[in-house]
Amino acid sequence: MPNPKDVVDELLAAVHADDQARIEQVFHPELAIHEPENLPYPGTYRGVAGFHAIKAKIGELAELGIEDWDAVQAGDRVLVTMTGVFTSKRSGRTVRMPMVELYSVRDGRISEIDVFYKDTAKMSVLLAELS
């Protein structure tokens with residue numbers, strides 16, 4: 001069974017390379033992604049289809065980049081700190097936002113992702129801006 005941190009590192013490398021096949025391989029069939037309730041894309045997204053749905057929803061509003069990530073393992077969970085770089089597709093303004101994602105790994109695959117933004121109010125303003 002692979003180490004949970006190695007599984008998350010594989011996902012982050014695949015996301016960085018935009019390698020969809022590798023991304024999908026590391027997800028557990030019962031994947032659940034939890035996004036904050038006060039953003040334009042709140043709630044829980046399930047499975048690979050849920051991953052693609054949340055990616056599309058964010059993509060409608062902003063270009064997303066990730067900088068400076070670091071992963072720390074704690075049992076079967078991995079805590080990832082990062083800087084999210086969001087550029088509004090409407091206004092062109094960019095916000096760099098500290099973020100934390102908590103990954104759960106089951107059966108050697110990612111089964112759950114909890115997403116935490118440093119300032120969801122700032123994100124909501126950015127994503128609602130008009131050009």
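Residues numbered from 1 in each chain as written. Predicted model: local features only at pLDDT ≥ 70, side-chain atom pairs only at ≥ 80, totals over all residues. Heavy atoms only, no water.

Caption draft 1: Highlighting helix α4 (residues 120–128). Within α4 the residues assigned to the buried category are Thr-120, Met-123, Leu-126 and Leu-127. Seen from one end, α4 has its buried residues packed into an arc of 120°, which puts them on one side. Buried residues along α4 sit in contact with α3 (47–61), β3 (62–74), β4 (77–88), β5 (94–106) and β6 (109–117). Residue Asp-119 occupies the N-cap position of α4, its side-chain oxygen lying 3.2 Å from the main-chain nitrogen of Ala-121. (Buried < 20%, exposed > 50% of the residue type's maximum accessible area, 1.4 Å probe, protein only. Helix = DSSP H or I, 4+ residues; strand = E, 2+ residues; numbered from the N terminus. Arc of directions from axis to C-beta. Contact = heavy atoms within 4.5 Å. Polar contact = N/O pair within 3.5 Å; in protein donor to acceptor, adjacent residues only side chain to side chain.)

Caption draft 2: Broad picture of the layout of surface pockets. For the largest pocket, the calculated volume is near 760 Å³. Lining the largest pocket are 28 residues; nearest its centre among them are Val-15, Phe-51, Lys-55, Leu-64 and Ile-66. Those elements giving two or more residues to the lining of the largest pocket turn out to be α1 (4–17), β1 (27–35), α3, β3, β4, β5 and β6. Here the element with the most residues in the lining of the largest pocket is β3; it accounts for six residues. Looking at the lining of the largest pocket residue by residue, the class counts come to 19 nonpolar, three polar and six charged. (1 Å grid on protein atoms, 1.4 Å probe; cavity = no way out; pocket = protein on both sides within 12 Å on 5 of 7 lines; lining within 4 Å. Points joined across faces, edges and corners; volume = space filled by probe spheres on them. Nonpolar A, V, L, I, M, F, W, Y, C, P; charged D, E, K, R; others polar.)

Caption draft 3: Region of the structure containing the nonpolar core. Counting 35 residues, the largest nonpolar core has Tyr-41, Tyr-103, Ile-110 and Tyr-117 as the members making the most contacts within it. Where this core is concerned, the elements lending two or more residues are α1, β1, α3, β3, β4, β5, β6 and α4. Setting aside anything within four residues of it in sequence, one finds Tyr-103 in contact with Val-8, Leu-11, Leu-12, Asp-76, Arg-77, Val-78, Val-80, Ile-110, Glu-112 and Ile-113. (Core = buried A, V, L, I, M, F, W, Y, C linked by side-chain atoms within 4.5 Å.)

Caption draft 4: A look at the environment of Thr-94. Residue placement: Thr-94 occurs in strand β5. Sequence separation of Thr-94 and Leu-126 is 32 residues, and the distance between their C-alpha atoms is 8.0 Å. Sequence-distant contacts of Thr-94, defined by excluding residues within four places in its chain, comprise Val-85, Phe-86 and Thr-87. Within the structure, the side chain of Thr-94 is placed 2.7 Å from the side chain of Thr-87, a separation counted as a polar contact.

Caption draft 5: Region of the structure containing the sheet that holds strand β2 (residues 43–46). An order of β2-β1-β6-β5-β4-β3 is seen for the six strands of this open sheet, with the pairing classed as mixed. Where the open sheet ends on each side, the last strands, each with one partner, are β2 and β3. On average, each strand axis in the sheet is inclined to that of its neighbour by 20°, with strand direction left out of account. The pairing of β1 with β2 spans four bridges and is classified as antiparallel. Of the residues in β2, the one forming a bridge with Glu-35 is Gly-43. (Pairing = 2+ DSSP bridges. Axes fitted to C-alpha atoms, helices over the stretch in contact; angles between N-to-C directions.)

Caption draft 6: Structural detail: unusual backbone geometry. A positive phi is found at Asp-68, a non-glycine position, where the angle reads about 50°. With a phi angle near 55°, Asp-107 is a residue other than glycine that sits in the positive phi range. Mapping Asp-107 onto the fold places it in the loop between β5 and β6. Judged by relative accessible area, which is 54%, Asp-107 ranks as exposed.

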